[in-house]
Amino acid sequence: MSIKRFYWLFLLVIVFANVGSAQKPALIPYPNNLVTKAGSFDFLTLTAVSYSNIEFKNEASYLVSGLLDLANLKAYSCFSKKIKSRSIVLKKDLKIKHTEAYSLTITNNQITIKAASPKGLFYGIQTLLQLVANAPNKLSVQCLSIDNDHPQFAWRGMHLDCSRHFFKPEFIKKYIDLMAAYKFNYFHWHLTDDQGWRIEIKKYPKLTQIGAYRAGTMKGHYTAQQFDSIPYGGFYTQSEIREIVAYAQNRHIEIVPEIDMPGHARAAIAAYPELSCTGNQVSVGMKWGIEKEVLCPSPFTFQFIDDLFAELTQLFPGTYIHIGGDEVLKDEWNASFFCKELMQKEQLKDAIELQAFFMNKIEKIANKYHKKAIGWDEIMEKNSQTNATIMSWRGMEAGIEAAKNKHAVIMTPIDFCYFDHYQSKNATEPLAIGGFTPLEQVYEFNPCPDSIAEPDKKYILGAQGNVWTEYLQTPEMVEYMAVPRLCALSEVLWTSHATKKLGYSDFKIRLIAHQPYLNKKQIHYAKTFLINEADKK
Ligand code: ACM
């Protein structure tokens, strides 16, 4: 072959390779079994969204408003078996076995989403909305087929700490929308901590009258020990909670409320000092870190928790209550005559066993209200009796050990899943708690590594990103820290190994092309991934 012909052939290969990569849809999480086809579906000025099964009514309306919000495309939904030309068809298909699965086909004449359940259909709709929002020409989308796309993990969680900083219901809904867009299905709502109690409980009104407000807030890092004296607080009324729960249900997200106990409970103790072993009046916490105040394992405390769960379970219809259990200082228990006597009576050797006793009692109360308990991994310490689902946060080891002992496990290891850590080493990053968890590290996370024995793998339900808010004062800051790390985690949890093997570089190319979607959703995401190599370790 002459040099000239070789040169042209080489150019052709490059051009086709680029066309191929440019055509790869900017979808996150990337679907399994996606094949692009020639041609495009061009939207009419008014598009019909028809559904032939009444179960899909809500999803059809959701799609209609999504098309308008994200692409200014006008559509209407209709219950009909007749298929109109150039319409979107939502079909029930019981051949699709997985309840979260969907298939999506785009031809010149039709967009069809099939699923066995509204939840699967909802995920197909999310995929379509991303395609429409990211399409270079918003009136048309490329033809393709996605067959039986479904998640790798059942637990695809995001957490938000609303104690350290309080976020209004409108933002909680936006956060839920963000989760839904990336096919997350559990919202872990951290509602109580030392620095503020955020949920109205009718039987204990002082929890919010007193516990929801602090006199000031720590400024800068812990070591500086500086505070402002600006009163800070807020809480969710029960009617706001009901509205948020319904909003999440419509988006196939279960809310898991967390009442952190027996540590991280200073705000509750400020409201009801009789909850502690000392009975001392304390104020709601102003500084970050771990406080010495803990709930006393007394009949008063257990009755309080029972009353609390009675109201909580009326508000949250889901399967779980998170009962905390992390970072419990034992000084007050060790100094307490009441605890000494209790430990003797219950034959508990030390305060760690006393904590196991405490957590097991709470777990039983949760079970009495037909809820399963989830706890941070400390709840397994010297505790052979718990049946709780373990949230492994101090690393993967506790989760691996829990799976060995046949506990359900949610992986949230601090090195991969804490989105309050710095995401780059740029000097311009806003003040954060510390740590370093760049986007690539999140993307490379494997919640179920091969070090887990094959029979134990089924106990790993999935993983969750945690957004602690000591240093996140505003919704924009939460979005900046959560996105795009949340996008990377969605792919860890949804996309199969076989599909994901193109790796972080492929994800990054898609993320760059995916920005119109984030912009249309008005997400204040971190753009670190656009800065040359700055997101590398
Ligand atoms: C935690 O980060 N203290 C669970």
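Up top you'll find the structure we're talking about.
Below, the structure is looked at part by part. Think of each chain on its own: its residues are numbered from 1, step by step along the sequence as written. Reporting of local features is limited, given that this is a predicted model, to residues whose pLDDT is at least 70; pairs of side-chain atoms are given and counted only at 80 or more, and all residues count toward the totals for whole chains, interfaces and linings. As a rule here, side-chain values cover all heavy atoms of the structure and leave hydrogens and water aside.

1. Re the pattern of salt bridges
In step 1: Should a side-chain nitrogen of Lys or Arg be within 4 Å of a carboxyl oxygen of Asp or Glu, the pair is scored as a salt bridge. Evaluation of the coordinates by the stated rule reveals 29 salt bridges.
In step 2: Lys173 is the salt-bridge partner of Glu243, the closest N and O atoms lying 2.6 Å from each other. Placement of the pair is Glu243 in helix α6 (residues 238-250) and Lys173 in helix α4 (residues 169-181), with a sequence separation of 70 residues.
In step 3: A salt bridge links Lys345 to Glu346, with the nearest nitrogen and oxygen atoms 3.8 Å apart.
In step 4: Residue Glu346 is classed as partly exposed on the basis of its relative accessible area, which comes to 34%.
In step 5: Residues participating in the shared-partner salt-bridge network are Arg266, Lys287, Glu291, Lys292 and Glu293. What counts as a helix is a DSSP run of H or I of at least four residues, what counts as a strand is a run of E of at least two, and both are numbered from the N terminus. A simple rule labels every residue: compare its accessible area, found with a 1.4 Å probe on the protein chains alone, to the largest value its type can have, and call it buried under 20%, exposed over 50%, or partly exposed in between.

2. Some remarks on the sheet that holds strand β16 (residues 254-261)
Whether parallel or antiparallel, the strands of a sheet pair through hydrogen bonds between backbone atoms.
In step 1: Strands were regarded as paired on the criterion that DSSP finds at least two bridges between them. Strands sit in the order β8-β9-β16-β17-β18-β19-β20-β21 around a closed barrel of 8 strands; the barrel is parallel. Taken over all neighbouring pairs, the strand axes of this sheet differ in orientation by 25° on average, direction set aside.
In step 2: Note that strand β18 (residues 372-376) and strand β19 (residues 389-392) share 3 bridges and pair parallel. Looking at the pairing, Trp376 lines up with Met391 of β19.
In step 3: Throughout, a residue-residue contact means that at least one pair of heavy atoms, one from each residue, lies within 4.5 Å. In this analysis, axes come from line fits to C-alpha atoms, helices being fitted only over the stretch in contact, and the angle between any two N-to-C directions falls in the range 0 to 180 degrees. Sheet strands in contact with helix α8 (residues 299-315) are β16 and β17 (320-324), and its direction is about 165° off that of β16.

3. Comments concerning the state of the cysteines
In step 1: Cysteine sulfur pairs qualify as disulfides if the two atoms are within 2.5 Å. Applying the stated rule across the entire model yields 1 disulfide.
In step 2: Across the disulfide, Cys277 is cross-linked to Cys296 (sulfur-sulfur distance 2.4 Å). On the S-S bond that ties Cys277 to Cys296, the torsion sits near 95°, and the link is right-handed. Pair noted here: Cys277 is in the loop between α7 (266-271) and α8 and Cys296 is in the loop between α7 and α8, with a separation of 19 residues, a long-range link.
In step 3: By relative accessible area, Cys277 is classed as partly exposed at 24%.
In step 4: The exposure class assigned to Cys296 is buried, which follows from its relative accessible area of 4%.
In step 5: Not engaged in a disulfide, the cysteine Cys417 finds its nearest cysteine sulfur in Cys448; these two sulfurs lie 13 Å apart.
In step 6: Look at Cys417 and you get buried, because its relative accessible area is 0%.
In step 7: A residue is classified by how much of its surface remains accessible, and Cys448, at 13% relative accessible area, is buried.

4. Some details on the side chain of Gln110
In step 1: Mapped onto the secondary structure, Gln110 falls in strand β6 (residues 110-115).
In step 2: A polar contact of 3.3 Å, which involves the side chain of Gln110, links it to the backbone oxygen of Lys84.
In step 3: Once you skip the residues sitting within four places of it in the chain, Gln110 turns out to touch Phe41, Ile83, Lys84, Ser87, Val89 and Thr105. Pairs of N or O atoms are called polar contacts if they sit within 3.5 Å, as long as, within protein, a hydrogen donor faces a hydrogen acceptor (for residues adjacent in sequence, only side-chain-to-side-chain pairs).

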